[in-house]
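Here are the chains, one letter per residue:
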Number of protein chains: 2
Amino acid sequence: MTYCLAMRLEEGLVFLSDTRTNAGVDDVGTYRKLHVFRPVPDRMFVLQSAGNLATTQEVLDRIAVDLAAPGEQESLATVPHLFEAALYVGRLGREVTARHSEALGANASATFILGGQIGETPPDILLVYPEGNYIRASDDRPFLQIGESKYGKFMLDVAVMAHGDLVTSTKIALGSMMSTARANLSVGPPYDAGVYRTGTFALDEHRFTADSPVLGELREVWERSIVSALAELPDIELTALSDETAAPA
Amino acid sequence: MTYCLAMRLEEGLVFLSDTRTNAGVDDVGTYRKLHVFRPVPDRMFVLQSAGNLATTQEVLDRIAVDLAAPGEQESLATVPHLFEAALYVGRLGREVTARHSEALGANASATFILGGQIGETPPDILLVYPEGNYIRASDDRPFLQIGESKYGKFMLDVAVMAHGDLVTSTKIALGSMMSTARANLSVGPPYDAGVYRTGTFALDEHRFTADSPVLGELREVWERSIVSALAELPDIELTALSDETAAPA
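Okay, so let's go over this structure. (Residues numbered from 1 in each chain as written. Chains lettered and ligands numbered in written order. Predicted model: local features only at pLDDT ≥ 70, side-chain atom pairs only at ≥ 80, totals over all residues.)

### Observations concerning the relation of the copies chain B and chain A
Both copies of the chain are placed relative to one another by a rotation about an axis and a shift along it. For the pair chain B and chain A, the best superposition has an RMSD of 0.0 Å and corresponds to a rotation of 180° with a translation of 0.0 Å parallel to the axis. Here the symmetry operator amounts to a two-fold rotation axis. When each C-alpha of chain B is compared by its distance to the rotation axis, Y151 of chain B comes out closest, at 2.3 Å. Comparing interface residues between copies, 100% of those in chain B also sit at the interface in chain A, which points to an isologous, same-surface contact. (Least-squares fit on C-alpha atoms with pLDDT ≥ 70 in both. Contact = placed C-beta atoms within 7 Å.)

Below, the structure written as structure tokens:
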């Protein structure tokens, strides 16, 4: 599996992807799932992928071919708006999936997060479904997840309320990623982070390896905080509750 | 869906179940998923259920019938060991599922957690699969989950390291339950808790309703702790990292 997430903030965007791929437990690999396209100076795209690795790679190759070929065809250099970039990626995904579906069935599909900025319009993040349509992140919970999204959702839900800056949000993202990797072997390091500041059209990229001291320290403090939070929780008196709110046997 | 969990501690056992059932979003109900059997003075069983509600109810009815009927048939009163109680529940589950499988297909299946104590042997918790076999909780992570288990797994993983007592563990269980309910509408209050002290053959039971002040206070402190833990996390300097561990574009 895979776990990728993206967050939309006042200052910009945060992306984080794991790199583990597996076709069975005896065929585990490491592939980049965070891809950057900057076809012209005033547009920048980040594409994160989950699902069939072959489909993902063919979509990336077709994006590159469309960008390289001269002509009028639709590409990340020509789409006027981000939502059209999402529809473009969705169309490529459907085309690639359809070509392989006879052999692969439903296993050929892929899901994407597309984020970035085009010109003066605000940056945004969109989730592109295998069916080719898309949704934006909501205003209340401005993040998107693909792949193994359940394990790390609570931390995002709660921590995003803190309305942190780009650095804090990157830490939240790493916390969500580590929660997931701890609970599910199919998600693992290295982790690729991308931080985008609105209007820069350039992505700060960072790869966190398994032995990264930053990652180790984050995990240690995070786990210690959760254990010590337990001590702060108000005590519940089981016997008192029993009298007060006993459930029928 | 459903979320049930059980923990095995030095002092005894902790059980927690939600009560939400749904057949589509427009058919949501509240059913007890934590059931207690104390057929004779020196044995106590807790059965938690996830999956098809009709199958679960028929299994419970058959357990009761076997207990009520005089005779030599296998029942929770006669099985010599906990693992045989698990196999007994597994057999009932398979029989009920098989009778309804022509009409329902795979949707008729149910999964159980069986916990309790028989005589002098130590209490234990076992997960009973729809196929009728079982596993115990591991020594390293002495908890079991059924239903929507992913959302609340991280909190259990981390917090169980704290090796708390029965009260602390009940708080951990509630934290895991609230993480799940927050992220997934198909899990919801009231929550039924059962706390068992080794050798008592009696279960302390408590129902936490949605408006429970205890639950509200727990959630508020827990969420505040997570947000404040963020502030404690070591800062990461994105630009410094960029130089040090830049990923290939």
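### Concerning the sheet that holds strand β11 (residues 191-197) of chain B
Backbone hydrogen bonds are what pair the strands of a sheet, in a parallel or an antiparallel way. Residue and element names in this part refer to chain B. If you trace the five strands from one edge of the open sheet to the other, you get β10-β1-β2-β11-β12, paired in antiparallel fashion. The strands lining the two open edges of the sheet, one partner per strand, are β10 (143-147) and β12 (203-208). Averaged over all pairs of adjacent strands, the angle between strand axes in this sheet comes to 10°, irrespective of strand direction. Bridge count for strand β2 (residues 12-17) against β11 is six bridges, and the pairing is antiparallel. Opposite S17, over in β11, you have D192 as the bridge partner. In the packing of helix α4 (residues 166-183) onto the sheet, the strands contacted are β1 (3-8), β2 and β11, and the crossing angle to β2 comes to about 20°. (Pairing = 2+ DSSP bridges. Helix = DSSP H or I, 4+ residues; strand = E, 2+ residues; numbered from the N terminus. Axes fitted to C-alpha atoms, helices over the stretch in contact; angles between N-to-C directions.)

### Describing the sheet that holds strand β5 (residues 34-40) of chain B
All names here are of chain B. The five strands are arranged β5-β6-β7-β8-β9 in an open sheet whose pairing can be described as antiparallel. Of all strands in the sheet, those bounded by a partner on one side alone are β5 and β9 (134-136). Sheet twist, expressed as the mean angle between neighbouring strand axes with direction ignored, is 25°. Judged from the nine bridges that link them, strand β6 (residues 43-51) and strand β7 (residues 110-118) form a sheet pairing that is antiparallel.

### A few points about α4 of chain B
Here α4 of chain B is 18 residues long and its end C-alpha atoms lie 26 Å apart, about the 26 Å a rise of 1.5 Å per residue gives. Here α4 of chain B lies mainly inside the structure; 14 of its 18 residues are buried. (Expected span 1.5 Å × (residues − 1). Buried ≥ 20, exposed ≤ 12 C-beta atoms within 10 Å, placed from the backbone.)

### Some details on the environment of T56 of chain A
Residues and elements named next belong to chain A. Looking at the element boundaries, T56 is found in helix α1 (residues 53-68). C-beta crowding within 10 Å serves as the criterion here: with 24 such atoms nearby, T56 is assigned to the buried category. Residues T56 and T111 lie 55 residues apart in sequence; the distance between their C-alpha atoms is 8.6 Å.

### A look at the interface of chain B and chain A
Contact with chain B, which involves 48 residues of that partner, is made by 48 residues of chain A. Those elements giving two or more residues to the side of chain B that touches chain A turn out to be α3 (153-159), α4, β11, β12, α5 (213-232) and α6 (238-245) of chain B. If one sorts the elements of the side of chain B that touches chain A by residue count, α5 of chain B sits on top with 12 residues. By residue class, the composition of the side of chain B that touches chain A is 27 nonpolar, eight polar and 13 charged. (Nonpolar A, V, L, I, M, F, W, Y, C, P; charged D, E, K, R; others polar.)

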